[in-house]
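Below are the chains, spelled out letter by letter.
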Amino acid sequence: MPAISATAPGKVILFGEHAVVYGFPAIAAPVTQVRAKAIVLANPLGKIGQVEIDAPDIDLHSPLSELPNDHPFVVLFSNLMERLGVKVMPACSVRITSSIPVAAGLGSGAAVSVAMARALSSFLGHSLPNDQISDLAYQVEKKYHGTPSGIDNTVITYSKPVYYMRGQPFERLELLHSFTLLIADSGIKSQTRRVVEDVRQGWQSDREHYDKLFDLIGQISRQARGLIEKGRSQEIGSLMTTNHQVLKELGVSCPELDRLVKAAISAGASGAKLSGAGRGGNMIALVQPEDADAISETLRKTGATRIITTRVGPD
Ligand code: PMV
């Protein structure tokens, strides 16, 4: 039997992170320059039920049966098998690789889940539609991140810019023009779960203040949607910078991210903000294509450890 493979892209949140957990809208876009990949290979000589996992990027080489029950791969397998009514896996090996930086706000966990769910369901002879693939990845995120909004699994599964509100069908953004983003890594690893928990604690101790900030972010996302669809990049940029200020007030930025945001704007970006959970990970800057190289250089000098240039736009 030939190997079956599937891939899924990374993502950035353009507007609305954190507030999206509390039901406010957010906007995210896929980052196709980085991808997770899963390859499933039947093992005709193996014992039924024997599944070997090989994930060199995280130095994991283990039979599935030896991973803890709450390991994301185990959660994914059990959800998938239950959904497909598969009692026991045919003997196989699953190789997982990814060029998406881990713990950096680019959705690496959700992308691995999506790629695995696609490859495994097709290996089992029941290729699942996107809504089910997205839901499987969401179930894993729930185990791993606590209270995910669902935006990561959605944008990564559909690989299109989305306008997303928790608990509602997502909407695809129809873009008139494309725009260029620099995604700059602060080099600081950040655990989404911890940052989201801290925000929740803050919210519990001062609801009025946090609700105001979430509401402000929600208004920014709504306004950004119209501007993105019309391609008004200068105004999108300033809204990004405003969104960053509110995230800073929410306590999820850090000096390194603030420095990168400031440097990008001083070097000519239309605007910039942290992207994802914050306290590390990546920032994004909206730039004119002709300025991308010079602004990247400035960001590198300011401490960015890796820069991805991506284009968000119509197909
Ligand atoms: O850090 P990331 O890429 O997993 O993004 C998290 C985005 C949050 O809004 C902070 C959490 C969520 O579940 O939406």
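Throughout this document, residue positions are counted from 1 along each chain, in the order its sequence is written. Owing to the predicted nature of the model, reporting of local features is limited to residues with pLDDT of at least 70; listing and counting of side-chain atom pairs is limited to 80 or more, with chain, interface and lining totals taken over all residues. Side-chain figures throughout are based on the complete set of non-hydrogen atoms in the structure, without hydrogens or water.

**Some words on the overall build of the protein chain**
Next, step 1: In DSSP terms, a helix is any run of H or I states spanning at least four residues, a strand is any run of E spanning at least two, and both are numbered starting from the N terminus. Secondary structure summary: the protein chain contains nine helices and eleven strands in total.
Next, step 2: C-alpha atoms define the radius of gyration, and 2.2 Å times the number of residues to the power 0.38 defines the globule rule. Here the C-alpha atoms of the protein chain give a radius of gyration of 20 Å, agreeing with the 20 Å that 2.2 N^0.38 yields for 315 residues.
Next, step 3: By principal-axis analysis of the C-alpha atoms, the protein chain measures approximately 60 × 45 × 35 Å.
Next, step 4: Only protein chains enter the accessibility calculation, which uses a 1.4 Å probe; a residue is then buried when its area is under 20% of its type maximum, exposed when over 50%, and partly exposed in between. When burial is assessed residue by residue, the protein chain has 55% of its 315 residues classed as buried.
Next, step 5: A contact between two residues is defined here by any heavy atoms of the two lying within 4.5 Å. The contacts of the protein chain with a sequence gap of at least 6 include a subset with a gap of at least 24, amounting to 74%.

**Remarks on the site of the ligand**
Next, step 1: Taken together, 15 residues surround the ligand, and among them Lys-11, His-18, Ser-149, Thr-192 and Ala-277 come closest.
Next, step 2: A distance of 3.2 Å separates an oxygen atom of the ligand from a polar backbone atom of Gly-105.
Next, step 3: Surface accessibility follows the Shrake-Rupley procedure with a 1.4 Å probe radius. Residue values consider only the protein chains on display as shielding. Protein contact buries 94% of the 380 Å² of open area that the ligand shows by itself.
Next, step 4: Two kinds of site are reported from a 1 Å grid over the protein atoms alone, namely cavities, where a 1.4 Å probe fits but cannot get out, and pockets, open sets with protein on both sides within 12 Å along at least five of seven lines, and residues are called lining when an atom falls within 4 Å of a point. Pocket occupancy is defined atom-wise: a molecule lies in a cavity or pocket when more than half of its atoms are within 2 Å of its grid points. Taken atom by atom, the bulk of the ligand overlaps the largest pocket.
Next, step 5: Counting residues per element, the ones that place at least two in the shell around the ligand are β1 (4-15), α4 (151-158) and α5 (192-205).
Next, step 6: A breakdown of the residues in the shell around the ligand according to their chemical character gives seven nonpolar, five polar and three charged.
Next, step 7: For the shell around the ligand, the domains that each give at least three residues are domain 1 (4-164) and domain 2 (174-312). We call a residue near a molecule or strand as soon as one heavy atom of that residue lies within 4 Å of the molecule or strand. We define a polar contact as two N or O atoms separated by no more than 3.5 Å, with the added condition that, inside protein, one atom must be a possible hydrogen donor and the other a possible acceptor, whereas residues neighbouring each other in sequence contribute only through side-chain atom pairs. Gly is put with the polar residues, along with every residue not named as nonpolar or charged; the nonpolar set is Ala, Val, Leu, Ile, Met, Phe, Trp, Tyr, Cys and Pro, and the charged set is Asp, Glu, Lys and Arg. Segmentation of the chain into domains, including their bounds, is taken from an automatic or database domain assignment.

**Digging into the pattern of salt bridges**
Next, step 1: The salt bridge definition used is simple: a Lys or Arg side-chain nitrogen within 4 Å of an Asp or Glu carboxyl oxygen. Across all of its chains, the model carries eleven salt bridges by this definition.
Next, step 2: A salt bridge links Arg-225 to Glu-229, with the shortest nitrogen-to-oxygen separation between them at 3.7 Å. Of this pair, Arg-225 and Glu-229 both sit in helix α6 (residues 207-230), four residues apart, roughly one helical turn.
Next, step 3: Note on Glu-229: relative accessible area 24%, which makes it partly exposed.
Next, step 4: One continuous salt-bridge network, built from bridges that share partners, spans Glu-171, Arg-225 and Glu-229.

**Comments concerning empty space enclosed by the protein**
Which parts of space are left empty comes out when a probe the size of a water molecule is rolled across the atoms.
Next, step 1: Grid points are joined across faces, edges and corners, and a volume is the space filled by probe spheres set on the points. Within this structure, the stated rule accounts for one cavity of 30 Å³ or more.
Next, step 2: Counted as a void, the largest cavity has a volume near 40 Å³.
Next, step 3: Surrounding the largest cavity, Ala-103, Ala-104, Gly-105, Ser-190, Thr-192, Ser-275, Gly-276, Ala-277, Gly-278, Gly-280, Gly-281 and Asn-282 form its lining.
Next, step 4: Tallied by class, the residues present in the lining of the largest cavity amount to three nonpolar, nine polar and no charged.
Next, step 5: Domain assignment of the residues forming the lining of the largest cavity places at least three in each of domain 1 (4-164) and domain 2 (174-312).

**A closer look at the domain arrangement of the protein chain**
Next, step 1: What the domain assignment reports for the protein chain is domain 1 (4-164) and domain 2 (174-312).
Next, step 2: On a C-alpha basis, the centroid separation for the pair domain 1 and domain 2 is 25 Å.
Next, step 3: Each partner contributes to the interface: domain 1 provides 32 residues, whereas domain 2 provides 47 residues.
Next, step 4: Summed over both sides, the interface between domain 1 and domain 2 buries roughly 3,100 Å², with carbon and sulfur atoms accounting for 65% of that surface.
Next, step 5: On the domain 1 side of the contact with domain 2, Phe-15, His-18 and Tyr-22 bury the most area, a combined 24% of that side's loss.
Next, step 6: Our count for the domain 1 to domain 2 interface comes out at one salt bridge.
Next, step 7: Close ionic contact of Lys-273 with Glu-17 constitutes a salt bridge, the shortest N to O distance being 2.9 Å.
Next, step 8: Our count for the domain 1 to domain 2 interface comes out at 14 residue pairs in polar contact (both at pLDDT 80 or more). Take the accessible area each of two parts loses on contact, using a 1.4 Å probe, and add the two losses: that sum is the buried area.

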